[in-house]
Structures are given as structure tokens and as C-alpha cells.
Amino acid sequence: GAPVAEEVPFAPAEGRFESALESNALRHETLASVDLRQWNKGRDENDPNHPIRPGMLLSLRYWAKDNFGPGEPHTGYGEAMAFRVVPIAQLTEELRRRQVEQRSELSKLLEEHQAATLELQELPNPADAGERRALVEGRLKALVRRQQSLGRRVTFVGETYQRLLWEYEINRLIEGNRVREMEALIPRPLEAIGKEAFPIVGRQIDGFASTPDEPLRAQAVAGAKDI
């Protein structure tokens, strides 16, 4: 049968915490990271002298001790988190696949946005629509909701891409300064578009639906084209 993995007892690990525990705090939340370089000293992922190698399962748990006294302090352990250690090539391929997914999703969103912009340009002015006024106003309200939805979805793509960049960085696949450059080119602009530009265009369309003033439509169309 298949060889059974050797179980190794838990050993101390040096972790880094984004913020320190404050005295007398009843609740503490922070980001923590553990660098495998504290065990694997070299750069060759298959070095037989490395205690942690691709194919292994790594378990990590946190523990905390209080200052209760007199008597023994209380010690508590968190649930063990298990991580599969994979080869660099496999990790890189998976991250690139997820990048392509986000680019594809963004292309889809762009097509939807372009279709909505075209509809905004071609709809008649509600004031000139006669008996179709209610229908035109309904379409404009639907376009307002579309702007809200597109904004949320674009923001989500930006956040997902940001997490991908962090994974590249923490796994030392892309240097930190290059990641900062990419953040400025991709996640940050997407966040600004999703949280600022789309809502502004939505409000302009809503204003045009309520007060059929063509300059309001022109502003909304210009904003949509900027997006």
C-alpha cells in the first residue's frame, strides 16, 4: 500500500504579528504570519536537508497563556490548521490560472457596462416619451441598479486580485516593490472605479430619470465612458 506519512510532534514556531497584545485586553485580533525559512534555510525546494518539502502536510496551531495566579496559568490551544506544501511550479500555475479568471470576469463586466452605456445614450428622454414615459423611467431605474451591481462586482475583482498579489509576495514569487507597483496599476484603480465612479454615474442616471434634463444624461454618459 501507499506509505504512511510520518507524524512529527508540534514544535515551537516563530511568528510575526501585525499588532501586539495590549495589557488588560479582553479581545485581540491581528494578522499573523509564519515564515518557513526559519526551518528551510536554502532556496532549493527539494533539498533533502529541508525538514519541510513539497508533498508534505504542515499543521500549525496557536497557543496562549494567561497570567492567572496564584497557581498554574491557564494555557489554551487553537484548532490546528493544515497546509499542503506544493512545488513552486504548481503554486505559480494555480496563481496564474486565478489571474486569468479575474481578467475574464473583468472583460465580462466591461461588456455589460458598454451595453448599459449604449442603452443610456439611446433611450428617449422621459419627457418626450409620451405614453412610454413610465417604461423609459423604469429602464433608467434599472440602469441605476446596474451601476450599483457593476460597482460591487468590480470592487470584488479588485479585492480578489489584491489577495493574489499578496500570495505572490508572501511566497517570494514576486518582489515586494514590484507588488506595490502592480497594486497601483490594478487593485487600487478597480477599487476607485467600483466604490466611487460607478456610484456617481448611478446617481447621475437617477437624477436624469427624475428630472429629464439632457445635461444630466450627458454627464452620466461621460462618466460611464471614463470608466
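Since we're looking at a predicted model, the values are computed, not measured.

Cut-offs and rules
- Residues numbered from 1 in each chain as written.
- Predicted model: local features only at pLDDT ≥ 70, side-chain atom pairs only at ≥ 80, totals over all residues.
- Heavy atoms only, no water.
- Helix = DSSP H or I, 4+ residues; strand = E, 2+ residues; numbered from the N terminus.
- Rg over C-alpha atoms; globule rule 2.2 N^0.38 Å.
- Contact = heavy atoms within 4.5 Å.
- Areas by Shrake-Rupley, 256 points an atom, 1.4 Å probe, with all protein chains shown as cover.
- Lys, Arg positive; Asp, Glu negative; His and termini not counted.
- Charge placed at Lys NZ, Arg CZ, Asp CG, Glu CD.
- Core = buried A, V, L, I, M, F, W, Y, C linked by side-chain atoms within 4.5 Å.
- Buried < 20%, exposed > 50% of the residue type's maximum accessible area, 1.4 Å probe, protein only.
- Salt bridge = Lys/Arg side-chain N within 4 Å of Asp/Glu carboxyl O.
- Expected span 1.5 Å × (residues − 1).
- pLDDT = per-residue confidence, 0-100.
- Patch = residues over 30% accessible without salt bridge, like charges linked within 9 Å, V, L, I, M, F, W, Y side chains within 5 Å.
- Axes fitted to C-alpha atoms, helices over the stretch in contact; angles between N-to-C directions.
- Parallel < 35°, antiparallel > 145°, perpendicular 65-115°, else oblique.
- Nonpolar A, V, L, I, M, F, W, Y, C, P; charged D, E, K, R; others polar.
- Phe/Tyr/Trp six-rings, centres within 6.5 Å; stacked < 30°, edge-to-face > 60°.
- Lys NZ or Arg CZ within 6 Å of the ring centre and 35° of its normal.

## Some details on the overall build of the protein chain
Logical step 1: Helix and strand counts for the protein chain come out as 5 helices and 6 strands.
Logical step 2: Mapped in sequence order, the helices and strands of the protein chain form the string β-β-β-β-β-β-α-α-α-α-α.
Logical step 3: In summary, the protein chain has a C-alpha radius of gyration of 27 Å against a globular reference of 17 Å for 227 residues, an excess of more than 25%.
Logical step 4: Principal-axis analysis of the C-alpha atoms gives the protein chain an extent of 80 × 50 × 40 Å.
Logical step 5: Within the protein chain, counting contacts between residues at least 6 apart in sequence, those at least 24 apart form 55% of the total.
Logical step 6: If you sum the accessible surface of the protein chain, you get close to 16,000 Å²; carbon and sulfur atoms cover 53% of it.
Logical step 7: Where the 31 positive side-chain charges of the protein chain centre and where its 36 negative ones centre are 2 Å apart.

## A short note on the nonpolar core
Logical step 1: Residues L120, L140, L143, V201, I205 and A220 are the most contacted members of the largest nonpolar core, which totals 15 residues.
Logical step 2: At the level of secondary structure, the elements contributing two or more residues to this core comprise α1 (88-122), α2 (133-170), α4 (187-210) and α5 (214-226).
Logical step 3: Setting aside chain neighbours within four positions, we find I205 in contact with L120, L140, L143, V144, Q147 and A220.
Logical step 4: Judged by nonpolar contacts, the second largest core, of 9 residues, contains L95, Y161, Y168 and I174.

## What to know about the pattern of salt bridges
Logical step 1: Scanning the entire structure with this criterion turns up 17 salt bridges.
Logical step 2: Across the salt bridge formed by R178 and E181, the nearest N and O atoms sit 3.1 Å from each other. Of the two residues, R178 and E181 are both situated in helix α3 (residues 176-185); the distance of 3 residues between them amounts to about one turn of the helix.
Logical step 3: Between E214 and R217 there is a salt bridge; the shortest N-O distance is 2.8 Å. Taken together, the positions of E214 and R217, both in helix α5 and 3 residues apart, correspond to about one turn of that helix.
Logical step 4: You can call R217 buried: its relative accessible area is 8%.
Logical step 5: What you see here is one network of salt bridges that share partners, running through E105, K108, E112 and R153.

## Considerations on α2
Each α-helix turn comprises 3.6 residues. Residues three or four places apart therefore point the same way.
Logical step 1: Over its 38 residues, α2 runs 56 Å from end to end, which matches the ideal 56 Å to within 8%, given 1.5 Å per residue.
Logical step 2: Phi turns positive one or two residues past the end of α2, at R172, with a value near 60 degrees.

## Quick notes on the confidence of the model for the protein chain
Close inspection of predicted coordinates is inappropriate in any region flagged by low pLDDT.
Logical step 1: Residues at a pLDDT of 70 or more form 97% of the protein chain, whose mean pLDDT is 92.
Logical step 2: When mean pLDDT is taken per element in the protein chain, α1 scores highest with 97 and strand β4 (residues 63-65) scores lowest with 85.

## Remarks on a nonpolar patch on the surface
Logical step 1: Taken together, F17, Y62, M81 and F83 make up a surface patch of nonpolar side chains, about 380 Å² in accessible area.
Logical step 2: Inspection of the secondary structure assignment puts Y62 in the loop between β3 (57-60) and β4.
Logical step 3: Judged by relative accessible area, Y62 falls into the partly exposed class, the value being 31%.

## Digging into the packing of α3 against α4
Logical step 1: Remark: α3 packs on α4, axes separated minimally by 3 Å, with the N-to-C direction vectors making an angle of 25 degrees. Classified by the interaxial angle, the pair formed by α3 and α4 is roughly parallel. Counted together, M182, E183, A184 and L185 of α3 and P187, R188 and P189 of α4 form the full contact between these two elements.

## Details of the packing of α2 against α4
Logical step 1: At a minimum axis separation of 8 Å, α2 and α4 run at an interaxial angle of 175 degrees. On the basis of the axis angle, α2 is roughly antiparallel to α4.
Logical step 2: Here the contact of α2 with α4 is built from residues that sort into 15 nonpolar, 8 polar and 5 charged.

## Quick look at the packing of aromatic side chains
Logical step 1: Counted under the stated rule, the structure contains 1 aromatic pair.
Logical step 2: For the cation-ring pair, R61 lies above F10, with the distance from its terminal atom to the ring centre recorded as 4.1 Å.

## Here's the deal with the environment of Q204
Logical step 1: Along the chain, Q204 turns up in helix α4.
Logical step 2: Each C-alpha atom of the pair Q204 and A224 lies 10 Å from the other, and the pair is 20 residues apart in sequence.

## Some points on the side chain of H113
Logical step 1: Relative to the helices and strands, H113 resides in helix α1.
Logical step 2: With sequence-adjacent residues up to four places away left out, H113 is seen in contact with Q147, L150, F198, A224 and I227.

## A look at the environment of Q114
Logical step 1: Its place among the elements puts Q114 in helix α1.
Logical step 2: Along the backbone, Q114 and E196 are 82 residues apart, and their C-alpha atoms lie at a distance of 18 Å.

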